[in-house]
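Structural characterization, general
Okay, here's what each chain looks like letter by letter:
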Amino acid sequence: MNPTLIRAFLLQRFTSPMRLGLTSLFTFFPLVGVAISGELALLGGIAGPLAVLFAAGAIGQDVSSGTLQLLLVRPVTRPGYVLNRWLGAMFAALGVVLVTTLCAVLLLYLRSTPPDALALSRLVLDSVTTIAGHAAVMLMLSSLVGGVGDVALYAASLFVAQMLVVLATWQQWAWLMRVSTEIQGVLGAKLSWAWLGTGMAPSAFDIVSWASTLTLALAVAIAAMNRKELSYASG
Amino acid sequence: MSAIVVEDLVKSYPRGLGARTVALDGVSLTIEPGETVGIIGPNGAGKTTLLGCLLGFLRPDSGRITIDGHDVDDLAVRAATGYLPERLVLDRWMSGRALLQYHHALAGLPVDSRRTDCEALLDRVGLDRAAADRRVGRYSRGMLQRLALAQALLGEPRFLYLDEPISGVDPAGIVVFRDILSRLSASGATILINSHQLAEVERVCHRVVFVKQGRIEAMDTTRAGSAHARVLRVRLSTEQPVTPAEQLSAIAAGAAATFRGWSAPDARFAVTDDSGATRLIAALVRAGVAVIEVIPEEGRLERLFTEGSAATTPAHAPAAAAPAVAPAPPAGPDDETRFMPPPAGGGA
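Residues numbered from 1 in each chain as written. Chains lettered and ligands numbered in written order. Predicted model: local features only at pLDDT ≥ 70, side-chain atom pairs only at ≥ 80, totals over all residues. Heavy atoms only, no water.

**A word on the overall build of chain A**
The secondary structure content of chain A amounts to 10 helices and zero strands. From first element to last, N terminus to C terminus, chain A shows the α and β order α-α-α-α-α-α-α-α-α-α. Taking 2.2 N^0.38 as the reference for a compact globule, 235 residues should give roughly 18 Å; the C-alpha atoms of chain A span a radius of gyration of 19 Å, in line with that estimate. Structurally, chain A occupies a C-alpha span of about 60 × 45 × 30 Å along its principal axes. With 235 residues in all, chain A has 46% of them scored as buried. For chain A, the share of sequence-separated contacts (at least 6 apart) that also reach a separation of at least 24 residues comes to 77%. Per element, the accessible surface of chain A, about 11,000 Å² overall, is 73% carbon and sulfur. Charge-centre separation for chain A: the mean point of 12 positive side chains lies 10 Å from the mean point of 8 negative side chains. (Helix = DSSP H or I, 4+ residues; strand = E, 2+ residues; numbered from the N terminus. Rg over C-alpha atoms; globule rule 2.2 N^0.38 Å. Buried < 20%, exposed > 50% of the residue type's maximum accessible area, 1.4 Å probe, protein only. Contact = heavy atoms within 4.5 Å. Areas by Shrake-Rupley, 256 points an atom, 1.4 Å probe, with all protein chains shown as cover. Lys, Arg positive; Asp, Glu negative; His and termini not counted. Charge placed at Lys NZ, Arg CZ, Asp CG, Glu CD.)

As C-alpha coordinates, then:
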(Lines give C-alpha, C1' and ligand atoms only; values in the text may rest on other atoms or scores of the structure.)
Protein backbone atom coordinates (compact mmCIF):
# COMPACT_ATOMS: atom_id res chain seq x y z
CA MET A 1 0.00 0.00 0.00
CA ASN A 2 1.33 3.42 -1.01
CA PRO A 3 -0.29 6.06 1.26
CA THR A 4 1.01 8.92 -0.93
CA LEU A 5 -0.74 7.55 -4.02
CA ILE A 6 -3.95 6.85 -2.13
CA ARG A 7 -4.00 10.24 -0.40
CA ALA A 8 -3.47 12.09 -3.68
CA PHE A 9 -6.18 10.02 -5.37
CA LEU A 10 -8.67 10.74 -2.59
CA LEU A 11 -7.85 14.46 -2.70
CA GLN A 12 -8.35 14.53 -6.44
CA ARG A 13 -11.67 12.69 -6.25
CA PHE A 14 -13.04 14.82 -3.41
CA THR A 15 -12.06 18.10 -5.05
CA SER A 16 -13.86 17.32 -8.29
CA PRO A 17 -17.08 19.41 -8.29
CA MET A 18 -18.84 16.96 -10.61
CA ARG A 19 -18.07 13.97 -8.41
CA LEU A 20 -19.14 15.86 -5.31
CA GLY A 21 -22.41 16.85 -6.98
CA LEU A 22 -23.16 13.28 -8.03
CA THR A 23 -22.18 11.99 -4.57
CA SER A 24 -24.69 14.36 -2.99
CA LEU A 25 -27.32 13.20 -5.45
CA PHE A 26 -26.64 9.50 -4.77
CA THR A 27 -26.81 9.92 -1.01
CA PHE A 28 -29.36 12.67 -0.42
CA PHE A 29 -32.49 10.94 -1.72
CA PRO A 30 -31.84 7.59 0.05
CA LEU A 31 -31.28 9.54 3.27
CA VAL A 32 -34.59 11.36 2.79
CA GLY A 33 -36.18 7.94 2.19
CA VAL A 34 -34.68 6.59 5.42
CA ALA A 35 -35.90 9.65 7.34
CA ILE A 36 -39.43 9.19 6.01
CA SER A 37 -39.79 5.42 6.05
CA GLY A 38 -37.37 4.47 8.84
CA GLU A 39 -35.99 1.70 6.59
CA LEU A 40 -32.17 1.45 6.74
CA ALA A 41 -32.26 -0.97 3.80
CA LEU A 42 -32.88 2.00 1.49
CA LEU A 43 -29.14 2.70 1.71
CA GLY A 44 -28.39 -0.72 0.24
CA GLY A 45 -28.33 0.58 -3.31
CA ILE A 46 -25.80 3.39 -2.98
CA ALA A 47 -22.56 1.39 -2.62
CA GLY A 48 -22.36 0.18 -6.25
CA PRO A 49 -23.01 3.54 -7.95
CA LEU A 50 -20.60 5.28 -5.56
CA ALA A 51 -17.87 2.74 -6.33
CA VAL A 52 -18.44 3.29 -10.07
CA LEU A 53 -18.37 7.06 -9.55
CA PHE A 54 -15.09 7.09 -7.63
CA ALA A 55 -13.32 4.46 -9.73
CA ALA A 56 -14.38 5.97 -13.07
CA GLY A 57 -11.33 7.09 -15.02
CA ALA A 58 -9.00 6.05 -12.20
CA ILE A 59 -6.42 4.82 -14.72
CA GLY A 60 -7.76 6.07 -18.06
CA GLN A 61 -7.62 9.72 -17.04
CA ASP A 62 -3.98 9.42 -15.96
CA VAL A 63 -3.11 7.72 -19.23
CA SER A 64 -4.98 10.22 -21.39
CA SER A 65 -3.68 13.29 -19.60
CA GLY A 66 -0.12 11.96 -19.54
CA THR A 67 0.34 12.36 -15.78
CA LEU A 68 1.01 8.64 -15.52
CA GLN A 69 4.41 9.11 -17.16
CA LEU A 70 5.64 11.37 -14.39
CA LEU A 71 4.20 9.02 -11.79
CA LEU A 72 5.89 5.94 -13.21
CA VAL A 73 9.28 7.65 -13.38
CA ARG A 74 9.13 7.42 -9.60
CA PRO A 75 9.80 4.13 -7.81
CA VAL A 76 6.22 2.89 -8.26
CA THR A 77 5.53 -0.39 -10.06
CA ARG A 78 2.68 -0.68 -12.53
CA PRO A 79 0.89 -3.42 -10.54
CA GLY A 80 1.39 -1.32 -7.40
CA TYR A 81 -0.16 1.65 -9.14
CA VAL A 82 -3.25 -0.38 -10.17
CA LEU A 83 -3.75 -1.85 -6.70
CA ASN A 84 -3.39 1.54 -5.04
CA ARG A 85 -5.90 3.06 -7.44
CA TRP A 86 -8.31 0.25 -6.51
CA LEU A 87 -7.73 0.82 -2.81
CA GLY A 88 -8.16 4.57 -3.30
CA ALA A 89 -11.49 4.14 -5.10
CA MET A 90 -12.62 1.70 -2.42
CA PHE A 91 -11.69 4.01 0.45
CA ALA A 92 -13.42 6.96 -1.23
CA ALA A 93 -16.69 5.10 -1.82
CA LEU A 94 -16.57 3.37 1.52
CA GLY A 95 -15.97 6.66 3.33
CA VAL A 96 -19.06 8.19 1.75
CA VAL A 97 -21.15 5.09 2.48
CA LEU A 98 -20.06 5.05 6.14
CA VAL A 99 -20.77 8.76 6.61
CA THR A 100 -24.16 8.34 4.94
CA THR A 101 -24.94 5.31 7.09
CA LEU A 102 -23.96 7.26 10.20
CA CYS A 103 -26.30 10.07 9.16
CA ALA A 104 -29.07 7.52 8.56
CA VAL A 105 -28.52 5.97 12.01
CA LEU A 106 -28.71 9.43 13.60
CA LEU A 107 -31.93 10.13 11.69
CA LEU A 108 -33.39 6.84 12.91
CA TYR A 109 -32.48 7.71 16.49
CA LEU A 110 -34.14 11.09 16.01
CA ARG A 111 -37.26 9.22 14.84
CA SER A 112 -36.96 7.06 17.99
CA THR A 113 -36.66 3.94 15.77
CA PRO A 114 -33.06 2.86 16.37
CA PRO A 115 -31.72 0.46 13.70
CA ASP A 116 -31.28 -3.23 14.27
CA ALA A 117 -27.57 -3.96 14.94
CA LEU A 118 -27.65 -7.05 12.72
CA ALA A 119 -29.24 -5.19 9.81
CA LEU A 120 -26.67 -2.44 10.23
CA SER A 121 -23.81 -4.97 10.18
CA ARG A 122 -25.23 -6.63 7.06
CA LEU A 123 -25.57 -3.27 5.35
CA VAL A 124 -21.96 -2.29 6.09
CA LEU A 125 -20.53 -5.67 5.05
CA ASP A 126 -22.68 -5.71 1.89
CA SER A 127 -21.37 -2.25 1.06
CA VAL A 128 -17.72 -3.25 1.59
CA THR A 129 -17.93 -6.27 -0.72
CA THR A 130 -20.05 -4.46 -3.31
CA ILE A 131 -17.61 -1.55 -3.43
CA ALA A 132 -14.60 -3.88 -3.68
CA GLY A 133 -16.18 -5.76 -6.60
CA HIS A 134 -17.51 -2.75 -8.51
CA ALA A 135 -14.26 -0.81 -8.06
CA ALA A 136 -12.22 -3.76 -9.38
CA VAL A 137 -14.44 -4.08 -12.47
CA MET A 138 -14.25 -0.33 -13.13
CA LEU A 139 -10.45 -0.43 -12.72
CA MET A 140 -10.34 -3.18 -15.32
CA LEU A 141 -12.44 -1.14 -17.75
CA SER A 142 -10.41 1.98 -17.00
CA SER A 143 -7.19 0.17 -17.87
CA LEU A 144 -8.62 -0.68 -21.29
CA VAL A 145 -9.88 2.73 -22.44
CA GLY A 146 -8.70 6.31 -22.02
CA GLY A 147 -10.33 9.14 -20.06
CA VAL A 148 -13.66 8.21 -18.55
CA GLY A 149 -14.45 5.86 -21.43
CA ASP A 150 -14.81 3.15 -18.80
CA VAL A 151 -18.16 4.66 -17.79
CA ALA A 152 -19.41 4.39 -21.37
CA LEU A 153 -18.09 0.84 -21.55
CA TYR A 154 -19.81 -0.03 -18.27
CA ALA A 155 -23.11 1.49 -19.38
CA ALA A 156 -22.91 -0.19 -22.79
CA SER A 157 -22.22 -3.58 -21.19
CA LEU A 158 -25.19 -3.17 -18.86
CA PHE A 159 -27.39 -2.22 -21.81
CA VAL A 160 -26.22 -5.22 -23.83
CA ALA A 161 -26.86 -7.52 -20.86
CA GLN A 162 -30.40 -6.13 -20.57
CA MET A 163 -31.01 -6.60 -24.27
CA LEU A 164 -29.81 -10.18 -24.00
CA VAL A 165 -32.30 -10.78 -21.19
CA VAL A 166 -35.11 -9.46 -23.40
CA LEU A 167 -33.99 -11.63 -26.31
CA ALA A 168 -33.53 -14.71 -24.10
CA THR A 169 -37.01 -14.26 -22.60
CA TRP A 170 -38.59 -13.76 -26.00
CA GLN A 171 -36.87 -16.74 -27.62
CA GLN A 172 -36.87 -18.76 -24.39
CA TRP A 173 -33.16 -19.46 -24.73
CA ALA A 174 -31.92 -20.61 -21.33
CA TRP A 175 -28.28 -20.45 -22.35
CA LEU A 176 -28.60 -16.80 -23.39
CA MET A 177 -30.32 -15.99 -20.13
CA ARG A 178 -27.37 -17.60 -18.36
CA VAL A 179 -24.91 -15.52 -20.38
CA SER A 180 -26.70 -12.27 -19.56
CA THR A 181 -26.91 -13.23 -15.89
CA GLU A 182 -23.15 -13.85 -15.86
CA ILE A 183 -22.42 -10.49 -17.54
CA GLN A 184 -24.61 -8.73 -15.00
CA GLY A 185 -22.91 -10.69 -12.23
CA VAL A 186 -19.50 -9.49 -13.36
CA LEU A 187 -20.58 -5.86 -13.79
CA GLY A 188 -22.31 -5.84 -10.43
CA ALA A 189 -19.88 -8.05 -8.52
CA LYS A 190 -21.22 -8.24 -4.97
CA LEU A 191 -21.48 -10.68 -2.13
CA SER A 192 -24.64 -10.94 -0.07
CA TRP A 193 -24.36 -11.09 3.72
CA ALA A 194 -28.03 -11.93 4.21
CA TRP A 195 -27.05 -15.22 5.83
CA LEU A 196 -25.39 -13.38 8.71
CA GLY A 197 -27.15 -14.04 11.98
CA THR A 198 -29.61 -16.50 10.43
CA GLY A 199 -27.68 -19.60 11.45
CA MET A 200 -27.32 -20.55 7.77
CA ALA A 201 -23.95 -21.16 6.15
CA PRO A 202 -22.78 -18.69 3.51
CA SER A 203 -22.90 -19.88 -0.08
CA ALA A 204 -19.45 -21.09 -1.12
CA PHE A 205 -20.43 -20.55 -4.76
CA ASP A 206 -21.28 -16.89 -4.10
CA ILE A 207 -18.02 -16.30 -2.25
CA VAL A 208 -15.90 -17.95 -4.95
CA SER A 209 -17.83 -16.19 -7.68
CA TRP A 210 -17.33 -12.77 -6.11
CA ALA A 211 -13.68 -13.38 -5.24
CA SER A 212 -12.86 -14.74 -8.70
CA THR A 213 -14.54 -11.80 -10.44
CA LEU A 214 -12.61 -9.38 -8.28
CA THR A 215 -9.29 -11.19 -8.79
CA LEU A 216 -9.81 -11.59 -12.51
CA ALA A 217 -10.73 -7.90 -12.93
CA LEU A 218 -7.61 -6.77 -11.08
CA ALA A 219 -5.43 -9.27 -12.95
CA VAL A 220 -6.72 -7.97 -16.30
CA ALA A 221 -6.12 -4.39 -15.16
CA ILE A 222 -2.53 -5.21 -14.15
CA ALA A 223 -1.86 -7.12 -17.38
CA ALA A 224 -3.27 -4.25 -19.45
CA MET A 225 -1.14 -1.75 -17.54
CA ASN A 226 1.99 -3.83 -18.00
CA ARG A 227 1.43 -3.91 -21.74
CA LYS A 228 0.54 -0.24 -22.02
CA GLU A 229 2.89 2.00 -24.01
CA LEU A 230 3.04 5.36 -22.32
CA SER A 231 4.80 7.58 -24.81
CA TYR A 232 2.89 9.76 -27.26
CA ALA A 233 5.40 8.49 -29.81
CA SER A 234 3.50 5.21 -29.74
CA GLY A 235 0.39 6.99 -30.97
CA MET B 1 30.79 1.11 -15.27
CA SER B 2 28.95 3.12 -17.94
CA ALA B 3 25.90 5.00 -16.73
CA ILE B 4 23.64 4.10 -19.66
CA VAL B 5 24.20 1.31 -22.15
CA VAL B 6 21.87 0.82 -25.10
CA GLU B 7 22.58 -2.24 -27.22
CA ASP B 8 21.07 -2.83 -30.63
CA LEU B 9 17.69 -1.40 -29.67
CA VAL B 10 14.80 -2.02 -32.04
CA LYS B 11 11.33 -0.61 -31.52
CA SER B 12 8.43 -0.61 -33.93
CA TYR B 13 4.79 0.38 -33.73
CA PRO B 14 1.82 -1.39 -35.31
CA ARG B 15 0.52 0.41 -38.38
CA GLY B 16 -2.54 -1.73 -38.99
CA LEU B 17 -3.11 -4.85 -41.09
CA GLY B 18 -0.03 -6.48 -39.58
CA ALA B 19 2.36 -3.80 -40.87
CA ARG B 20 4.76 -2.06 -38.49
CA THR B 21 6.61 1.24 -38.51
CA VAL B 22 10.19 0.94 -37.32
CA ALA B 23 10.93 3.81 -34.95
CA LEU B 24 14.32 2.60 -33.70
CA ASP B 25 16.43 0.39 -35.88
CA GLY B 26 19.39 -1.08 -34.05
CA VAL B 27 20.40 1.85 -31.88
CA SER B 28 23.50 1.38 -29.72
CA LEU B 29 24.78 4.04 -27.40
CA THR B 30 26.95 4.27 -24.32
CA ILE B 31 26.86 7.20 -21.95
CA GLU B 32 29.38 7.65 -19.18
CA PRO B 33 28.61 8.93 -15.67
CA GLY B 34 28.67 12.71 -15.52
CA GLU B 35 28.20 13.07 -19.25
CA THR B 36 25.63 15.45 -20.74
CA VAL B 37 24.43 14.12 -24.07
CA GLY B 38 22.13 15.85 -26.51
CA ILE B 39 19.84 13.94 -28.85
CA ILE B 40 19.00 15.84 -31.99
CA GLY B 41 17.33 14.94 -35.22
CA PRO B 42 14.37 15.80 -37.40
CA ASN B 43 10.78 15.21 -36.33
CA GLY B 44 9.86 11.54 -36.38
CA ALA B 45 13.50 10.46 -36.20
CA GLY B 46 12.94 8.30 -33.11
CA LYS B 47 14.25 10.63 -30.40
CA THR B 48 11.10 10.46 -28.25
CA THR B 49 10.90 6.71 -28.73
CA LEU B 50 14.50 6.35 -27.56
CA LEU B 51 13.72 8.46 -24.50
CA GLY B 52 10.53 6.44 -23.92
CA CYS B 53 12.52 3.18 -23.96
CA LEU B 54 15.15 4.59 -21.60
CA LEU B 55 12.42 5.63 -19.16
CA GLY B 56 10.57 2.32 -19.38
CA PHE B 57 7.47 3.86 -20.98
CA LEU B 58 7.93 1.76 -24.10
CA ARG B 59 8.90 -1.89 -24.45
CA PRO B 60 11.58 -2.46 -27.10
CA ASP B 61 11.04 -5.25 -29.65
CA SER B 62 14.61 -6.36 -29.15
CA GLY B 63 17.89 -5.07 -27.78
CA ARG B 64 18.88 -4.22 -24.28
CA ILE B 65 19.10 -1.17 -22.06
CA THR B 66 20.98 -1.10 -18.77
CA ILE B 67 21.20 1.87 -16.48
CA ASP B 68 23.95 1.70 -13.92
CA GLY B 69 24.02 -2.04 -14.68
CA HIS B 70 20.31 -2.46 -13.89
CA ASP B 71 17.16 -2.89 -15.93
CA VAL B 72 15.23 0.31 -16.74
CA ASP B 73 12.33 -0.86 -14.55
CA ASP B 74 14.54 -1.39 -11.51
CA LEU B 75 13.11 0.67 -8.65
CA ALA B 76 16.59 1.72 -7.53
CA VAL B 77 17.14 3.25 -10.99
CA ARG B 78 13.75 4.96 -10.85
CA ALA B 79 14.55 6.41 -7.45
CA ALA B 80 17.63 8.04 -8.98
CA THR B 81 15.85 9.29 -12.11
CA GLY B 82 14.47 12.70 -12.94
CA TYR B 83 12.36 13.43 -16.01
CA LEU B 84 11.16 16.64 -17.56
CA PRO B 85 8.55 15.80 -20.23
CA GLU B 86 8.05 17.83 -23.37
CA ARG B 87 4.31 17.91 -22.79
CA LEU B 88 3.90 19.53 -19.42
CA VAL B 89 1.15 17.26 -18.15
CA LEU B 90 1.25 17.95 -14.45
CA ASP B 91 -1.67 17.33 -12.09
CA ARG B 92 -3.58 20.53 -12.77
CA TRP B 93 -5.75 20.35 -9.68
CA MET B 94 -2.80 20.57 -7.27
CA SER B 95 -0.88 23.68 -6.28
CA GLY B 96 2.70 23.86 -7.47
CA ARG B 97 3.98 23.34 -3.94
CA ALA B 98 1.65 20.38 -3.30
CA LEU B 99 2.77 18.80 -6.57
CA LEU B 100 6.42 19.05 -5.58
CA GLN B 101 5.69 17.60 -2.16
CA TYR B 102 3.66 14.79 -3.77
CA HIS B 103 6.56 13.83 -6.04
CA HIS B 104 8.99 14.18 -3.15
CA ALA B 105 6.93 11.58 -1.28
CA LEU B 106 6.57 9.33 -4.33
CA ALA B 107 10.32 9.42 -4.83
CA GLY B 108 10.70 8.04 -1.32
CA LEU B 109 12.73 11.01 -0.11
CA PRO B 110 12.91 11.71 3.64
CA VAL B 111 9.75 13.24 5.15
CA ASP B 112 11.81 15.44 7.49
CA SER B 113 13.36 17.38 4.65
CA ARG B 114 10.24 17.52 2.43
CA ARG B 115 9.32 21.10 3.15
CA THR B 116 12.84 22.52 2.99
CA ASP B 117 13.77 20.50 -0.11
CA CYS B 118 10.71 21.71 -1.99
CA GLU B 119 11.16 25.34 -0.97
CA ALA B 120 14.83 25.20 -1.98
CA LEU B 121 13.89 23.78 -5.38
CA LEU B 122 11.24 26.42 -5.94
CA ASP B 123 13.89 29.06 -5.26
CA ARG B 124 16.40 27.26 -7.46
CA VAL B 125 14.15 27.25 -10.52
CA GLY B 126 12.99 30.79 -9.80
CA LEU B 127 9.33 30.06 -9.13
CA ASP B 128 8.11 32.59 -6.58
CA ARG B 129 6.39 31.38 -3.45
CA ALA B 130 3.06 33.08 -4.17
CA ALA B 131 2.91 31.32 -7.54
CA ALA B 132 3.72 28.01 -5.86
CA ASP B 133 0.44 28.26 -3.93
CA ARG B 134 -1.61 28.69 -7.10
CA ARG B 135 -3.23 25.75 -8.86
CA VAL B 136 -1.03 24.28 -11.60
CA GLY B 137 -3.96 24.66 -14.02
CA ARG B 138 -3.48 28.42 -13.83
CA TYR B 139 0.24 28.41 -14.64
CA SER B 140 1.72 29.94 -17.77
CA ARG B 141 3.87 27.79 -20.03
CA GLY B 142 7.07 29.25 -18.57
CA MET B 143 5.92 28.63 -14.99
CA LEU B 144 4.92 25.07 -15.87
CA GLN B 145 8.36 24.50 -17.34
CA ARG B 146 10.03 25.74 -14.17
CA LEU B 147 7.80 23.61 -11.96
CA ALA B 148 8.36 20.55 -14.13
CA LEU B 149 12.10 21.15 -13.95
CA ALA B 150 11.86 21.43 -10.16
CA GLN B 151 10.09 18.07 -9.90
CA ALA B 152 12.69 16.53 -12.20
CA LEU B 153 15.44 17.75 -9.89
CA LEU B 154 13.92 16.29 -6.72
CA GLY B 155 16.43 14.22 -4.81
CA GLU B 156 19.39 15.32 -6.98
CA PRO B 157 18.86 12.58 -9.60
CA ARG B 158 21.83 10.69 -11.00
CA PHE B 159 20.02 10.19 -14.30
CA LEU B 160 18.21 13.18 -15.71
CA TYR B 161 16.15 13.07 -18.90
CA LEU B 162 15.09 16.40 -20.31
CA ASP B 163 12.68 16.57 -23.25
CA GLU B 164 12.69 20.05 -24.81
CA PRO B 165 13.74 21.62 -21.50
CA ILE B 166 13.83 25.28 -22.51
CA SER B 167 10.85 25.39 -24.79
CA GLY B 168 8.78 28.40 -23.70
CA VAL B 169 11.28 29.53 -21.09
CA ASP B 170 12.24 33.22 -20.91
CA PRO B 171 15.92 34.29 -21.12
CA ALA B 172 16.23 34.48 -17.33
CA GLY B 173 14.89 30.94 -17.12
CA ILE B 174 17.44 29.76 -19.66
CA VAL B 175 20.25 31.17 -17.53
CA VAL B 176 18.80 29.35 -14.50
CA PHE B 177 18.55 26.15 -16.55
CA ARG B 178 22.19 26.37 -17.68
CA ASP B 179 23.37 26.99 -14.13
CA ILE B 180 21.40 24.02 -12.77
CA LEU B 181 22.66 21.74 -15.49
CA SER B 182 26.31 22.66 -15.05
CA ARG B 183 26.04 22.08 -11.29
CA LEU B 184 24.33 18.73 -11.76
CA SER B 185 26.83 17.65 -14.35
CA ALA B 186 29.70 18.66 -12.06
CA SER B 187 28.14 16.54 -9.31
CA GLY B 188 28.36 13.47 -11.58
CA ALA B 189 24.79 13.27 -12.87
CA THR B 190 24.27 11.76 -16.30
CA ILE B 191 22.03 14.01 -18.36
CA LEU B 192 20.23 13.29 -21.60
CA ILE B 193 18.67 16.21 -23.46
CA ASN B 194 16.24 15.85 -26.34
CA SER B 195 15.91 19.23 -27.95
CA HIS B 196 15.57 21.19 -31.16
CA GLN B 197 17.28 24.21 -29.56
CA LEU B 198 20.58 23.40 -31.23
CA ALA B 199 22.53 26.39 -29.93
CA GLU B 200 21.60 25.47 -26.37
CA VAL B 201 22.40 21.80 -26.90
CA GLU B 202 25.81 22.79 -28.27
CA ARG B 203 26.36 25.00 -25.28
CA VAL B 204 25.46 22.60 -22.49
CA CYS B 205 26.21 19.11 -23.87
CA HIS B 206 29.50 17.26 -23.87
CA ARG B 207 28.39 15.11 -26.74
CA VAL B 208 25.64 15.08 -29.32
CA VAL B 209 23.89 12.16 -30.96
CA PHE B 210 22.17 12.77 -34.27
CA VAL B 211 19.23 10.43 -34.81
CA LYS B 212 17.56 9.99 -38.16
CA GLN B 213 15.03 7.40 -39.32
CA GLY B 214 15.55 5.37 -36.18
CA ARG B 215 19.32 5.18 -36.44
CA ILE B 216 22.22 7.03 -34.93
CA GLU B 217 23.70 8.80 -37.92
CA ALA B 218 26.47 10.70 -36.20
CA MET B 219 27.98 11.37 -32.80
CA ASP B 220 30.46 13.95 -31.73
CA THR B 221 31.76 15.89 -28.79
CA THR B 222 30.61 19.47 -28.96
CA ARG B 223 33.81 20.70 -27.37
CA ALA B 224 36.27 19.14 -29.80
CA GLY B 225 36.27 22.18 -32.04
CA SER B 226 39.81 21.97 -33.41
CA ALA B 227 38.99 19.53 -36.18
CA HIS B 228 36.04 21.49 -37.48
CA ALA B 229 36.09 24.06 -40.24
CA ARG B 230 33.60 26.89 -40.16
CA VAL B 231 32.75 30.33 -41.45
CA LEU B 232 33.35 33.30 -39.17
CA ARG B 233 31.60 36.62 -39.42
CA VAL B 234 34.02 39.36 -38.41
CA ARG B 235 32.31 42.61 -37.49
CA LEU B 236 34.42 45.70 -38.13
CA SER B 237 34.15 49.07 -36.50
CA THR B 238 32.17 51.60 -38.51
CA GLU B 239 34.06 54.49 -36.91
CA GLN B 240 37.20 53.74 -38.93
CA PRO B 241 37.76 53.76 -42.71
CA VAL B 242 36.56 50.60 -44.43
CA THR B 243 39.32 48.12 -45.22
CA PRO B 244 39.23 47.24 -48.94
CA ALA B 245 38.11 43.74 -49.83
CA GLU B 246 41.37 43.04 -51.65
CA GLN B 247 43.32 43.81 -48.46
CA LEU B 248 41.06 41.56 -46.37
CA SER B 249 41.52 38.79 -48.92
CA ALA B 250 45.29 39.16 -48.75
CA ILE B 251 45.30 39.12 -44.93
CA ALA B 252 43.15 35.98 -44.96
CA ALA B 253 45.41 34.23 -47.45
CA GLY B 254 48.41 35.02 -45.21
CA ALA B 255 46.61 33.35 -42.29
CA ALA B 256 45.64 30.26 -44.31
CA ALA B 257 41.98 31.35 -44.34
CA THR B 258 39.66 32.28 -47.18
CA PHE B 259 37.91 35.61 -47.60
CA ARG B 260 34.27 34.81 -48.42
CA GLY B 261 32.77 38.26 -48.94
CA TRP B 262 31.84 41.57 -47.44
CA SER B 263 28.52 42.96 -46.30
CA ALA B 264 28.99 46.09 -44.20
CA PRO B 265 29.92 46.01 -41.40
CA ASP B 266 30.69 42.25 -41.57
CA ALA B 267 33.38 40.34 -43.44
CA ARG B 268 33.10 36.57 -43.82
CA PHE B 269 36.05 34.22 -43.64
CA ALA B 270 36.32 30.44 -43.83
CA VAL B 271 38.81 28.86 -41.44
CA THR B 272 39.89 25.23 -41.19
CA ASP B 273 39.94 24.90 -37.42
CA ASP B 274 40.34 26.70 -34.09
CA SER B 275 43.99 27.55 -34.64
CA GLY B 276 43.09 28.87 -38.10
CA ALA B 277 40.57 31.16 -36.46
CA THR B 278 43.20 32.37 -33.98
CA ARG B 279 45.67 33.03 -36.80
CA LEU B 280 43.08 34.95 -38.81
CA ILE B 281 42.02 37.18 -35.93
CA ALA B 282 45.65 37.89 -34.98
CA ALA B 283 46.49 38.74 -38.61
CA LEU B 284 43.51 41.09 -38.90
CA VAL B 285 44.43 42.91 -35.70
CA ARG B 286 48.11 43.10 -36.72
CA ALA B 287 47.07 44.64 -40.03
CA GLY B 288 45.18 47.34 -38.14
CA VAL B 289 41.69 46.15 -39.07
CA ALA B 290 39.28 47.37 -36.37
CA VAL B 291 37.73 44.06 -35.31
CA ILE B 292 34.99 44.47 -32.72
CA GLU B 293 33.33 41.01 -32.79
CA VAL B 294 33.84 37.54 -34.26
CA ILE B 295 30.81 35.26 -34.54
CA PRO B 296 30.59 31.75 -35.99
CA GLU B 297 28.19 32.19 -38.88
CA GLU B 298 26.43 28.93 -38.31
CA GLY B 299 26.36 26.66 -35.27
CA ARG B 300 28.04 23.33 -35.82
CA LEU B 301 24.92 21.45 -34.80
CA GLU B 302 22.82 23.59 -37.06
CA ARG B 303 25.07 22.56 -39.90
CA LEU B 304 24.95 18.92 -38.89
CA PHE B 305 21.19 19.08 -38.63
CA THR B 306 20.81 20.67 -42.04
CA GLU B 307 23.21 18.24 -43.71
CA GLY B 308 21.81 15.23 -41.89
CA SER B 309 18.19 16.09 -42.56
CA ALA B 310 18.89 16.68 -46.23
CA ALA B 311 20.88 13.47 -46.69
CA THR B 312 18.97 10.77 -48.52
CA THR B 313 19.60 7.79 -46.32
CA PRO B 314 17.53 4.78 -47.39
CA ALA B 315 14.91 4.15 -44.68
CA HIS B 316 15.91 1.35 -42.34
CA ALA B 317 18.69 0.10 -44.60
CA PRO B 318 21.12 -2.42 -43.10
CA ALA B 319 23.69 -0.79 -40.82
CA ALA B 320 26.61 -1.35 -43.17
CA ALA B 321 24.78 0.37 -46.02
CA ALA B 322 23.79 3.47 -44.09
CA PRO B 323 25.97 6.38 -45.16
CA ALA B 324 27.45 8.59 -42.47
CA VAL B 325 26.52 12.21 -42.45
CA ALA B 326 30.07 13.36 -43.03
CA PRO B 327 32.14 10.60 -44.45
CA ALA B 328 35.06 12.49 -45.86
CA PRO B 329 37.40 14.35 -43.54
CA PRO B 330 39.78 16.16 -43.70
CA ALA B 331 37.81 19.34 -44.09
CA GLY B 332 38.89 22.03 -46.47
CA PRO B 333 38.26 25.73 -45.93
CA ASP B 334 34.85 25.45 -47.54
CA ASP B 335 33.79 22.41 -45.54
CA GLU B 336 32.63 24.10 -42.42
CA THR B 337 31.46 21.54 -39.88
CA ARG B 338 32.26 17.90 -40.03
CA PHE B 339 30.87 15.24 -37.73
CA MET B 340 32.34 11.81 -37.53
CA PRO B 341 30.08 8.82 -38.10
CA PRO B 342 29.53 6.59 -35.08
CA PRO B 343 31.97 3.74 -34.56
CA ALA B 344 31.08 0.40 -36.09
CA GLY B 345 27.91 -0.94 -34.55
CA GLY B 346 26.81 2.53 -33.57
CA GLY B 347 28.41 2.41 -30.12
CA ALA B 348 29.89 5.50 -28.58
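**With respect to the sheet that holds strand β13 (residues 291-296) of chain B**
Residue and element names in this part refer to chain B. Pairing within the open sheet is antiparallel, and its four strands lie in the order β11-β12-β10-β13. Because the sheet does not close on itself, it has two edges, and the strands there are β11 (258-263) and β13. Across the sheet, the mean angle separating the axes of adjacent strands is 25° when strand polarity is ignored. Pairing between strand β10 (residues 230-236) and β13: five bridges, direction antiparallel. Pairing of R235 across the sheet is with E293, part of β13. Those strands touched by helix α9 (residues 245-254) are β11 and β12 (266-271), and its axis lies near 150° from that of β11. Across the sheet, helix α10 (residues 274-286) touches β10, β12 and β13, and the angle it forms with β12 is around 140°. (Pairing = 2+ DSSP bridges. Axes fitted to C-alpha atoms, helices over the stretch in contact; angles between N-to-C directions.)

**So, the environment of B:S95**
All names here are of chain B. Tracing the sequence through the fold places S95 in the loop between β5 (81-84) and α3 (96-106). Spatially, the C-alpha atom of S95 lies 24 Å from that of L160, the residues being 65 residues apart in sequence. Not counting the four nearest positions on each side in its chain, S95 is found in contact with A132, D133, R134, R135 and V136. Among the polar contacts made by the side chain of S95, one reaches the main-chain amide nitrogen of A98 at a distance of 3.0 Å. (Polar contact = N/O pair within 3.5 Å; in protein donor to acceptor, adjacent residues only side chain to side chain.)

**Digging into a positive patch on the surface**
Together, B:R92, B:R134, B:R135 and B:R138 make up a region of like positive charge exposed at the surface. With respect to the helices and strands, B:R135 occurs in the loop between α5 (129-132) and α6 (141-152). (Patch = residues over 30% accessible without salt bridge, like charges linked within 9 Å, V, L, I, M, F, W, Y side chains within 5 Å. Salt bridge = Lys/Arg side-chain N within 4 Å of Asp/Glu carboxyl O.)

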